[in-house]
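# A closer look at the structure
Read off the chains here:
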Amino acid sequence: WLSNMLRAAYRLLPRTHLFASTARMSSAALPGLDQAVVREIVSPNYVENKSGIKAVVSNWGGCVMQLHVPDANGIHDDVVLGKSTIQEYVTPDPSPFFGCLVGRFGNRIRAGKFTLDGESYQVTCNDGKNHLHGGNVGWDNKLWSIDEADSNANKLVIDLVSPDGEEGFPGTVKTRAVLEATADNALVITMTAETDKATPMNLTHHGYFNLAGHASGPVNAQMVKVSADQYTLPDAETLPTGELGPVADFALGDGFNTFENVLGAAKGQGLQGLDHNFAVRGADGSLKLNAEMYDPASKRHMTVSSNQPGFQIWSANGDFSATGKAGATYGAHGGVCFEAQHFPDYINIPAFKQAVLRPGETYSHVTEYKFGVSDNV
C-alpha cells in the first residue's frame, strides 16, 4: 500500500529537469576551453553514404558532438543533438549536457549529503536542494588530456584527474575514457577510474538521440523497447524512494511501443514525459542490453547496452528548448537520453547496488550504442 501511495502522490506533482547547473560558470572562468580539440573518429568500415559510422568528438567533457549513421539507403544523418562549436556548449546558451561524459556522480544525491566509512560529506547542491551530475563544474565542463599514443582514426583516448575535495567529493580520482567507433557500427564508450581514497562513483554518457536526424523534431513516431521490468519510483525531486514500480506504468514491456504512446502514458499520470531510472534485467556487471530505439521512416535501429545496473531515460520534457547545430531549434521530446548508470542516490539507499570506489580497485563503465537498419522490429 505504501508503494501505491507514493506512486499516486508522485503523479500529482509537476516534473522538471535541470538542463544545466544553476551556477554554471562563464566561459572565461572555465580553464582550458580555448585549448579544446575537436576531431573525427570513424568505424574501420566507414564509407560516406554507404556504410559505417562517423563521430565528431572533443576532449572538452568527452563530448560526442556529431554521430553520423546510415539509413536503409546508405544515407548518413547526424542522429545526436548538440552544438556546432565547443564554445557554444558553454555560452551564451549553456548545453543541457549534450553528448558529454558526466562525473564524478551522475544523476542526483539527496541534499548533497552522504556518509562514507563513518565520515560525513557535503557536496555541491546545484539542483535545488540536491546534487546533480557532478556539481557546478562537473566533468562535462573540464578539459580532458588526450593520449595521442593510444588514440587513432577509430578512437579518442582521454584522461582526467579530479582532485580531492572537488565539488566536495573525497579522494583524487584518475579517470580514462575511450570513445571508439567499431567495425560493427557501434560507438563504444569505456571509462575506468582509480582513487586514493574511498569515494562514490557514478559515471555516465548523456547523449540525446533522434534516429530521424538531430533536427527532425519530436521523436513521437519513433519506437522504444526496454530490457527492464521495473523502475525506481521517484519522489517530487526525482530522487528514488527506495521502492520499485512496473515499467507497464509507461506502456513499456517486452515489445516495442511508440514514444507517442509511452509519453502519453506518462502524461496521463500528470507527468511531462520520462525522467526515470530503469533497473536492467539480469544485471550482473557484464554487458547487458538496456534498451532499443527504432525509426520506421529511416529504418535505423539502435541498441543500447552497458555493464551498469540501471539507465535513466530522459525524454527532453516540458519547456525543454535549445539552439542546436546549424541554427536548429530543439524542442520538447526532440531527443531521448539513455544514461547507463548506478541507481540515483544509491549512496544513501543501502538496498541499491553500491559503487563506492576504494584504493587499489578499478571502477569500470561501458556503454555501447550499436546501429543497424531493419525493415521492422
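Residues numbered from 1 in each chain as written. Predicted model: local features only at pLDDT ≥ 70, side-chain atom pairs only at ≥ 80, totals over all residues. Heavy atoms only, no water.

## Regarding the overall build of the protein chain
Threshold: Helix numbering and strand numbering both begin at the N terminus, where a helix is a DSSP run of H or I of at least 4 residues and a strand a DSSP run of E of at least 2. We take the radius of gyration over the C-alpha atoms and set the globule estimate at 2.2 Å times the residue count to the 0.38 power. Partly exposed describes any residue whose relative accessible area lies between the buried limit of under 20% and the exposed limit of over 50%, with all areas from a 1.4 Å probe on protein chains only and scaled to the type maximum. In this analysis, two residues are considered to be in contact whenever any of their non-hydrogen atoms come within 4.5 Å of each other. Only the protein chains shown count as cover for residues, with accessible areas throughout obtained via the Shrake-Rupley method and a probe of 1.4 Å. Charge counting follows a simple rule: Lys and Arg are positive, Asp and Glu are negative, and His as well as the terminal groups are ignored. In this description, the location of a charge corresponds to atom NZ of lysine, CZ of arginine, CG of aspartate or CD of glutamate.
Across its full length, the protein chain holds two helices and 29 strands. In terms of overall size, the protein chain behaves like a compact globule, its C-alpha atoms giving a radius of gyration of 19 Å where 377 residues would be expected to give roughly 21 Å. Each principal axis of the C-alpha distribution contributes one length, and for the protein chain these read about 60 × 50 × 40 Å. Looking at the 377 residues of the protein chain, the share that counts as buried comes to 57%. Sequence separation of at least 24 residues holds for 69% of the intrachain contacts in the protein chain that already meet a minimum separation of 6. Working note: accessible area of the protein chain is about 13,800 Å², and carbon and sulfur atoms make up 51% of it. Charged side chains of the protein chain number 28 positive and 40 negative; the gap between the two group centres comes to 2 Å.

## Considering the nonpolar core
The condition that has to hold: By nonpolar core we mean a set of buried residues, namely Ala, Val, Leu, Ile, Met, Phe, Trp, Tyr and Cys, connected to one another through side-chain atoms within 4.5 Å.
Of all hydrophobic cores here, the largest spans 72 residues; its most connected members are Leu67, Phe209, Phe250, Phe278, Met302, Phe338 and Phe371. Leave out the neighbours within four places in its chain, and phenylalanine 371 touches Leu67, Val69, Val79, Asp184, Asn185, Phe209, Leu211, His301 and Met302. Formed by 20 residues, the second largest nonpolar core is a distinct cluster that contains Val56, Cys63, Met65 and Val137.

## Looking at the packing of aromatic side chains
Selection criterion: Stacked, edge-to-face and tilted are the three classes for Phe, Tyr and Trp ring pairs, Trp counted by its six-membered ring, which pair at centre distances within 6.5 Å; planes under 30 degrees apart are stacked, over 60 edge-to-face, the rest tilted.
Throughout the structure, instances matching the rule amount to 12 aromatic pairs. One aromatic cluster in this structure is built from Phe98, Tyr208, Phe320 and Tyr330.

## Some words on the sheet that holds strand E21 (residues 275–280)
Counted only if it meets this: When DSSP locates at least two bridges between a pair of strands, those strands are taken to pair.
Reading across from one edge, E16-E27-E24-E21-E18-E19 is the order of the six strands in this open sheet, with antiparallel pairing throughout. Bordering the open sheet on either side are strand E16 (208–209) and strand E19 (240–246), each of which pairs with just one other strand. Pairing of strand E24 (residues 310–314) with strand E27 (residues 336–341), which is carried by five bridges, proceeds in the antiparallel orientation. Within E27, the residue paired with glutamine 312 across the bridge is glutamate 339.

## Some details on the pattern of salt bridges
Stated formally: Salt bridge, as used here, is a side-chain nitrogen of Lys or Arg placed within 4 Å of a carboxyl oxygen of Asp or Glu.
Tallied over the full model, the rule gives 18 salt bridges. Residues glutamate 237 and lysine 129 are paired through a salt bridge, measuring 3.8 Å at the closest nitrogen-oxygen approach. Highlighted residues: glutamate 237 in the loop between strand E18 (228–234) and E19 and lysine 129 in the loop between strand E8 (119–122) and strand E9 (131–132), separated in sequence by 108 residues. Of the charged contacts in the structure, one is a salt bridge between lysine 288 and aspartate 284, with a shortest N-O distance of 3.8 Å. Residue lysine 288 is classed as partly exposed on the basis of its relative accessible area, which comes to 26%.

## Examining the confidence of the model for the protein chain
The condition that has to hold: The predictor's confidence in any single residue is recorded as pLDDT, a number from 0 to 100.
Across the protein chain, the average pLDDT comes to 93, with 92% of residues at or above 70. Low pLDDT, under 50, characterises residues 8–24; the predicted model gives this stretch 51 contacts beyond four residues in sequence or across chains.

## Remarks on the environment of threonine 172
For clarity, the cut-off: Counted as a polar contact is a pair of N or O atoms within 3.5 Å, where, for protein atoms, one must be capable of donating a hydrogen and the other of accepting one, and residues adjacent in sequence contribute only when both atoms are in side chains.
Within the secondary structure, threonine 172 sits in the loop between strand E11 (155–162) and strand E12 (173–181). Distance from threonine 172 to serine 162, taken between C-alpha atoms, is 5.6 Å for residues 10 residues apart in sequence. Beyond its immediate sequence surroundings of up to four residues, threonine 172 is in contact with Val161, Ser162, Pro163, Asp164, Glu194, Thr195 and Asp196. A polar side-chain atom of threonine 172 sits 3.2 Å from the main-chain amide nitrogen of aspartate 164.

## What to know about the layout of surface pockets
If you roll a probe as big as a water molecule over the atoms, it shows you where there is empty space left. What counts is decided by this rule: Buriedness of a pocket was judged along seven lines, with at least five required to meet protein on both sides within 12 Å; pockets are open sets of points on a 1 Å grid over the protein atoms alone, cavities are sets where a 1.4 Å probe fits but cannot get out, and lining residues have an atom within 4 Å of a point. Grid points are joined across faces, edges and corners, and a volume is the space filled by probe spheres set on the points. Throughout this entry, Asp, Glu, Lys and Arg are counted as charged residues, while Ala, Val, Leu, Ile, Met, Phe, Trp, Tyr, Cys and Pro are counted as nonpolar. The remaining residues, Gly among them, count as polar.
Its volume calculated, the largest pocket comes out at about 270 Å³. Listing elements by their share of the lining of the largest pocket, those giving two or more residues are strand E28 (356–357) and strand E29 (363–373). Residues of the lining of the largest pocket, tallied by class, amount to six nonpolar, seven polar and three charged.

## Quick word on the sheet that holds E29
Taken together, the nine strands give an open sheet; going across it, the order is E10-E11-E12-E13-E29-E23-E22-E17-E20, and neighbouring strands pair in antiparallel fashion. Strands at the two margins of the open sheet, each flanked by one partner only, are strand E10 (145–146) and strand E20 (257–258).

## Section: the side chain of histidine 76
On the secondary structure map, histidine 76 appears in strand E4 (residues 76–78). Looking at histidine 76, its side chain comes within polar contact range of the main-chain oxygen of glycine 52, at 2.9 Å. For histidine 76, the contacting residues outside a window of four places in its chain are Tyr46, Val47, Glu48, Asn49, Lys50, Ser51, Gly52, His68, Val69, Pro70 and Arg300.

## Observations concerning the environment of alanine 55
If you trace the backbone, alanine 55 turns up in strand E2 (residues 54–58). It is 38 Å that separates the C-alpha atoms of alanine 55 and glycine 242, two residues lying 187 residues apart in sequence. Filtering out sequence-adjacent residues up to four positions away, alanine 55 remains in contact with Arg39, Glu40, Ile41, Gln66 and Leu67.

## Re the side chain of threonine 199
Positionally, threonine 199 belongs in strand E14 (residues 199–200). On the basis of relative accessibility, which here comes to 0%, the residue threonine 199 falls in the buried class. A polar side-chain atom of threonine 199 sits 3.0 Å from a polar atom in the side chain of arginine 104. A distance of 3.0 Å separates a polar atom in the side chain of threonine 199 from the backbone oxygen of proline 170.

## Quick notes on the pairing of E12
As paired elements, E11 and E12 share eight bridges and run antiparallel to each other. Paired with valine 157 across the bridge in E12 is valine 178. If you look at the hairpin formed by E12 and strand E13 (residues 186–195), you'll find four residues sitting between the two strands, and asparagine 185 has a positive phi there, around 60°.

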